Amino acid sequence: MAALGWLTPRRRSATARSVLAGEASAEAARKSSEEAPETARTDAEEPAFPVIGDTSAAAFFDLDNTVMQGAAIFHFGRGLYKRKFFETRDLARFAWQQAWFRLAGVEDPEHMQDARDSALSIVKGHRVVELQTIGEEIYDEYMADRIWPGTRALAQAHLDAGQKVWLVTAAPVEIATVIARRLGLTGALGTVAESVDGIYTGRLVGEPLHGPAKAEAVRALASAEGLDLARCAAYSDSHNDIPMLSLVGHPYAINPDAKLRKHAREKDWRLRDYRTGRKAARVGIPAAAGVGAVAGGTAAAIALSRRRR
């Protein structure tokens, strides 16, 4: 029933901080941009989509576990640790959270809040341009090989149709923008960290771009870009993104968690799942490699946890 609460008008589903976070993310995204799987329906039952030449439409993709395996903020944390931004005990926490996320396939609010707080304290006092440069390196080191080919193909279909494609994520907008650019997408909506004279203050603008705040960001960007949300598409793996998915005329559940899968079936939304061996094989993901990566990540997390004790 909690998910249904998100489908009520904005005054009940979003706080003032959600609206602020969404509008800040939309503004940052526009500024930076200026600078065959299983389905709920068969392809034969669906009209051609996306519609070629329909520039009043756009596509919005969640990042973590939708476009990329795992959580971007945890991969970013690994990269910062490598560059001595923090100590081994912090890496152990990042590793355990990432292993849990990959095994469960859903976000844990406490883990995500802890990761955000850690990231803010770590970057405080650093220059924005420094983190942007490091983000490029971290993408190559930890993220490039974790992109789901199936989801990437969906994004490319929108680009080929002449439509803009945006990432929408709770990850820092600087990292999200790097990933979007590397994938050839239009841009990214992400959490905006406050900076003064190009230096991070350790505070956020509004709140993390999560849940209702994502919907506010998409709403603000659509208004600024003159998009018709009824013609737009959105893609996510998490029930937390039901507010965003409900905004558009073409919602997709990608690698959905149990709550989103149930909701998508009730609403007759389209489904795509690239995680299992049979489905992964269709899009070129070695199933054994996926299992090995999960096992390896779990073992590493346990080893680091024991080392702490």
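Residues numbered from 1 in each chain as written. Predicted model: local features only at pLDDT ≥ 70, side-chain atom pairs only at ≥ 80, totals over all residues. Heavy atoms only, no water.

## A short note on helix H4 (residues 72-82)
Most of H4 sits out of view: 8 of its 11 residues are buried. Among the residues of H4, Ala 72, Ile 73, Phe 74, His 75, Phe 76, Gly 77, Gly 79 and Leu 80 are the ones counted as buried. Directly after H4, the chain includes Lys 84, whose backbone phi takes a positive value near 65°. (Buried < 20%, exposed > 50% of the residue type's maximum accessible area, 1.4 Å probe, protein only. Helix = DSSP H or I, 4+ residues; strand = E, 2+ residues; numbered from the N terminus.)

## Overview of the pattern of salt bridges
Considering all chains together, one arrives at 15 salt bridges under this definition. Put simply, Asp 62 and Lys 214 hold a salt bridge, and the shortest N to O gap is 2.7 Å. A residue pair is termed long-range when its members are at least 10 positions apart, and Asp 62 in strand E1 (residues 58-62) and Lys 214 in helix H10 (residues 212-225) qualify at 152 residues. Taking relative accessible area as the criterion, Asp 62 reaches 2% and is therefore assigned buried. (Salt bridge = Lys/Arg side-chain N within 4 Å of Asp/Glu carboxyl O.)

## Concerning the pairing of strand E2 (residues 164-172)
The side chains of a regular strand alternate between both faces of the sheet. Where burial is concerned, most of E2 is hidden: 7 out of the 9 residues are buried. Bridge count between E1 and E2: 5 bridges; the pairing is parallel. Bridge pairing in E2 places Ala 58 opposite Lys 164. Summarising the sheet, E2 and strand E3 (residues 187-191) pair through 4 bridges and their orientation is parallel. Along E3, the bridge assignment pairs Trp 166 with Gly 187. (Pairing = 2+ DSSP bridges.)

## A word on the side chain of Arg 261
As for its placement among the helices and strands, Arg 261 is situated in helix H12 (residues 258-267). Setting aside residues up to four positions removed in sequence, Arg 261 forms contacts with Pro 256, Leu 271, Asp 273 and Arg 275. (Contact = heavy atoms within 4.5 Å.)

## Let's talk about the nonpolar core
In this structure, Phe 61, Leu 80, Met 143, Leu 167, Ile 179 and Tyr 235 are the most contacted members of the largest nonpolar core, which totals 41 residues. The element best represented in this core is helix H7 (residues 128-143), accounting for 7 residues. Apart from residues no more than four positions distant in its own chain, Tyr 235 is found in contact with Phe 49, Ala 59, Phe 60, Phe 61, Asp 62, Thr 66, Leu 154, His 158, Met 244, Leu 245, Tyr 252 and Ile 254. (Core = buried A, V, L, I, M, F, W, Y, C linked by side-chain atoms within 4.5 Å.)

## What about the sheet that holds strand E7 (residues 250-254)?
The parallel open sheet is built from 6 strands, whose spatial order is E3-E2-E1-E6-E7-E8. The open sheet has two edge strands, E3 and strand E8 (270-272), and neither has a second partner. Across the sheet, the axes of successive neighbouring strands diverge by a mean angle of 20°, strand direction being ignored. Strand direction decides the pairing type here: strand E6 (residues 233-236) and E7, joined by 4 bridges, are parallel. Directly across from Ser 236, in E7, lies its bridge partner Ala 253. (Axes fitted to C-alpha atoms, helices over the stretch in contact; angles between N-to-C directions.)

## Let's talk about unusual backbone geometry
Positive phi, normally seen in glycine, also occurs at Lys 84, with a value near 65°. Tracing the chain through its elements places Lys 84 in the loop between H4 and helix H5 (88-104). Classification of Lys 84 by relative accessible area gives exposed; the value is 74%. Non-glycine residue Asp 268 carries a positive phi angle of around 60°. Secondary-structure assignment places Asp 268 in the loop between H12 and E8.

## Some points on the environment of Leu 131
Structurally, Leu 131 can be placed in helix H7. Remark: the alpha-carbon pair of Leu 131 and Ile 175, spanning 44 residues in sequence, is separated by 8.3 Å. Setting aside residues no more than four positions away along its own chain, Leu 131 makes contact with Phe 76, Leu 80, Val 123, His 126 and Tyr 200.

## Thoughts on the confidence of the model for the protein
Taken over all residues, the pLDDT of the protein has a mean of 77, while the share at 70 or more is 64%. This stretch, residues 36-44, has a pLDDT under 50; its non-local contacts, to residues over four places away or in other chains, come to 21 contacts. Ignoring residues within four places in sequence, the model shows residues 277-309, a span with pLDDT below 50, making 34 contacts including any to other chains. (pLDDT = per-residue confidence, 0-100.)

## Examining the packing of aromatic side chains
Taken as a whole and judged by the stated rule, the model has 3 aromatic pairs. Between Phe 49 and Tyr 252 the ring centres are 6.4 Å apart and the planes differ by 20°, which places this aromatic pair in the stacked class. With Phe 49 in the loop between helix H3 (16-34) and E1 and Tyr 252 in strand E7, this pair connects stretches of sequence that are 203 residues apart. You can call Tyr 252 buried: its relative accessible area is 4%. Plain terms: the ring middles of Tyr 235 and Tyr 252 are 4.6 Å apart, the flat faces sit at 20° to each other, and that makes the pair stacked. Taken together, the positions of Tyr 235 in strand E6 and Tyr 252 in strand E7 put the pair 17 residues apart, joining distant regions of the chain. We classify Tyr 235 as buried; its relative accessible area is 2%. (Phe/Tyr/Trp six-rings, centres within 6.5 Å; stacked < 30°, edge-to-face > 60°.)

## Observations concerning the environment of Arg 83
Of note, Arg 83 is situated in the loop between H4 and H5. By relative accessible area, Arg 83 is classed as partly exposed at 22%. Sequence-wise, Arg 83 and Ile 134 are 51 residues apart; in three dimensions their C-alpha atoms are separated by 9.1 Å. Sequence-distant contacts of Arg 83, that is, excluding residues within four places in its chain, are made with Ile 134, Glu 137, Ile 138 and Glu 141. A polar side-chain atom of Arg 83 sits 2.7 Å from a polar atom in the side chain of Glu 141. (Polar contact = N/O pair within 3.5 Å; in protein donor to acceptor, adjacent residues only side chain to side chain.)

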